Amino acid sequence: MTEFTMTINATSTAGAGTFDVIDPATGEVFAQAPDCGTEQLDAAMDAAAHAYRRWKLDDKARRRALRDAADVLDSGTERLARLLTAEQGMPLSNARTEIGWATMWLRYYADLEIPREIVQDDQTGFAEVIRRPVGVVAAIVPWNLPIILAIWKIAPALLAGNTVVLKPSPFTPLATLAMGEMLRDIFPPGVLNVVSGQDPLGAWMTAHPTPRKISFTGSIATGAKVAAAAATDLKRVTLELGGNDPAIVLEDADPGRVADDIFTGAFMNNGQLCMAIKRVYVHERRHAELVEALAARAHAARVGSGFDEGVQLGPISNRPQFDRVSELVADAIDHGAVAAAGGQPLDRPGYFFAPTILTGAADGTRIVDEEQFGPALPVIAYRDLDEAVDRANDTPYGLTASVWTDDATRAADVASRLECGQVTVNAHGNGLRPDLPFGGHKHSGIGVTNGPWGLHRFTELQVLTGPARVAGTSQNARQAD
Ligand code: NAD
């Protein structure tokens, strides 16, 4: 069995113990991950604090290191992708795509120009607004896309001059530990530390006095705990949390034409995407046709081990999530919903669930009101578009949404009324790009990642003023350009 170690101060470090990592395709233990103890966490935080003093000084070195990191991940794609598939369950082709995204994001940030913000530069004075790094960043990540979600934090945090202590989910620690190992020689010791452990390790990190910023991606329930922990010593937070993302299909949208994209938007990564379509509202005249088209795609989808050629959907990623999806689908059926496809787990080892299309699920049913985060989609009929928009908004969630119509004016009107961080027209999730901000309204998050907006969340503003003669001669200021 391969031994996995943590990266603390660029050194391979074993845990205080180990914990089991389970293969979701079999339900069996297949690896051990290091369980970080409090002393090791202290060592990681100390290393990050020490490294911060120098790392924040050299902008060019930081950009170079991000580019080198992208090259190293590029050449390590196959190893990382295979680990991702083994621990997360996703098809190998998706895992390779995830590593490709990671390198794209690293290169985007390596090249992101940050213009100087000079507010005054004349005979009477000089004033500049500068973005300084925050310090040590505690980065905490979930299990659905372990590598790209880590890179969404690492790349902007490191570019801005911060140092990082990163913790993956206990369900998917292995690819992240391997990435830490691959990047050991790229960043100076202490700049990027990777620790693994179970949920209490996350709580220790957020309560630790060293980090000045917590960048967290995960559930709303945990996000609220993170915010509470951060409040005690006023750490900065970015929270990327859950979604219950609606797709609104207008009467003019042809179900035969939109069904492929709606199916992909809902079932990509087995529905385990924060921004996956979680509810479809479709005009009542199109409802039966769309249900039939989506059910046909669900029946045809190839489900199996992520290592098998041609598989589209792997197992659900872990036992608690499998139990949750099973429970929500059973609850919907108990309350009168009908499965037009799927409706139950597949009868085989591992956490496989039949791709499920539900019709007749009423508002107030758990699968409509909560985030299912799995391969089950309620398709709900509406009569009046205003009513559909109200129902889409009637939730504490506010991550993404999509509108499906050829009428650009109506699409823009519906988009303007949806309470969420991104709206896509005739597609779902296309706004997920390095150069666009991604974040939730309402309970779906605080702050954003990606683009310059995401970078700014890893900085503090500092104003530099002086007499006119400082202008053009100051060497002080240019942390980030
Ligand atoms: P989770 O909240 O259970 O765990 C997320 C991480 O937090 C894990 O690393 C976990 O160990 C850690 N953690 C647990 N308790 C903690 C505590 N008290 N303090 C600090 N850290 C703690 O979430 P999950 O089940 O791993 O992930 C699924 C959720 O993540 C879904 O709700 C999904 O929508 C959300 N998500 C959001 C985004 C986004 O960008 N908005 C992206 C991906 C996933």
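An unreviewed UniProt entry annotates the protein chain as Aldehyde dehydrogenase family protein originating from Nonomuraea turkmeniaca.

A. How the structure looks around the overall build of the protein chain. When helices and strands are tallied, the protein chain shows 15 helices and 20 strands. The C-alpha radius of gyration computed for the protein chain amounts to 23 Å, which stays within 12% of the reference 23 Å derived for 481 residues, consistent with globular compactness. When its C-alpha atoms are laid out on the principal axes, the protein chain stretches across 70 × 60 × 40 Å. For the protein chain, the proportion of its 481 residues judged to be buried stands at 58%. Taking contacts inside the protein chain between residues at least 6 apart in sequence as the whole, the part at least 24 apart equals 73%.

B. Focus on the UniProt feature "active site" (unreviewed entry) in the protein chain. According to UniProt, the positions carrying the feature "active site" (unreviewed entry) are E240. Along the chain, E240 falls in strand β11 (residues 236–240). Overall, E240 belongs to the buried group, its relative accessible area being 5%. In contact with E240, not counting residues within four places along its chain, are F216, T217, G218, F438, G439, G440, S444, G447, V448 and T449.

C. Seen up close, the pairing of strand β10 (residues 213–217). With five of five residues buried, β10 is to be regarded as a mostly interior element. Burial along β10 is two-sided: K213, S215 and T217 facing one way and I214 and F216 facing the other are all buried. Sheet topology note: the β10/β11 ladder contains five bridges and is parallel. Paired with S215 across the strands is T238, a residue of β11. With respect to chirality, the unit in which β10 leads through helix α8 (residues 220–232) into the neighbouring parallel β11 is right-handed.

D. Local environment of the packing of aromatic side chains. As enumerated under the stated definition, the model contains seven aromatic pairs in all. Seen from their ring centres, W152 and F438 are 5.7 Å apart, and the 65° between their planes marks the pair as edge-to-face. Here W152, found in helix α5 (residues 146–159), pairs with F438, found in the loop between β18 (422–425) and β19 (445–446); they are 286 residues apart in sequence, far enough to count as distant. You'll find W152 and F438 in the same group, each marked buried.

E. Seen up close, the pairing of strand β5 (residues 117–122). Here five bridges tie β5 to strand β6 (residues 125–133), and the two strands are oriented antiparallel to one another. Bridging across to β6, I118 finds its partner in E128. Between β5 and β6, which pair antiparallel and follow one another directly, the connecting turn spans two residues.

F. Spotlight on the site of the ligand. The immediate surroundings of the ligand are formed by 29 residues, with D199, S219, T222, L241 and E371 found nearest. Take W143: an N or O atom from its side chain is 3.0 Å from an oxygen atom of the ligand. In the model, an oxygen atom of the ligand is placed 2.5 Å from a nitrogen or oxygen of the E371 side chain. Broken down by secondary-structure element, the contributors of at least two residues to the shell around the ligand are α7 (199–207), β10 and α8. A breakdown of the residues in the shell around the ligand according to their chemical character gives 15 nonpolar, nine polar and five charged. Each of domain 1 (2–241 + 440–480) and domain 2 (245–425) accounts for three or more of the residues forming the shell around the ligand.

G. View of the nonpolar core. L73, I151, M179 and F187 are the most contacted members of the largest nonpolar core, which has 86 residues in total. Among the domains, domain 1 (2–241 + 440–480) and domain 2 (245–425) are the pair contributing at least three residues each to this core. Sequence-distant contacts of L73, defined by excluding residues within four places in its chain, comprise L80, I99, A102, T103, L106, I151, M179, M182 and L183. With 29 residues, the next largest nonpolar core counts L250, V325, A388 and A411 among its residues.

H. View of the packing of α5 against helix α6 (residues 174–182). Contact geometry of α5 with α6 gives a least axis separation of 9 Å together with a crossing angle of 45°. Between α5 and α6, the angle falls in the class oblique. Of the two elements, α5 crosses α6, and the hand of that crossing is right-handed. In contact with P146, I147, A150, I151 and I154 of α5, α6 contributes A175, T176 and M179. Grouping the constituent residues of the contact of α5 with α6 by class yields seven nonpolar, one polar and no charged.

What counts and what doesn't
Residues numbered from 1 in each chain as written. Predicted model: local features only at pLDDT ≥ 70, side-chain atom pairs only at ≥ 80, totals over all residues. Heavy atoms only, no water. Helix = DSSP H or I, 4+ residues; strand = E, 2+ residues; numbered from the N terminus. Rg over C-alpha atoms; globule rule 2.2 N^0.38 Å. Buried < 20%, exposed > 50% of the residue type's maximum accessible area, 1.4 Å probe, protein only. Contact = heavy atoms within 4.5 Å. UniProt positions renumbered as here; feature names shortened; annotations may be inferred. Pairing = 2+ DSSP bridges. Right-handed = clockwise from strand over helix to strand, strands pointing away. Phe/Tyr/Trp six-rings, centres within 6.5 Å; stacked < 30°, edge-to-face > 60°. Near = heavy atom within 4 Å. Polar contact = N/O pair within 3.5 Å; in protein donor to acceptor, adjacent residues only side chain to side chain. Nonpolar A, V, L, I, M, F, W, Y, C, P; charged D, E, K, R; others polar. Domains from an automatic or database assignment. Core = buried A, V, L, I, M, F, W, Y, C linked by side-chain atoms within 4.5 Å. Axes fitted to C-alpha atoms, helices over the stretch in contact; angles between N-to-C directions. Parallel < 35°, antiparallel > 145°, perpendicular 65-115°, else oblique. Left-handed = near helix turned anticlockwise from the far one by under 90°.

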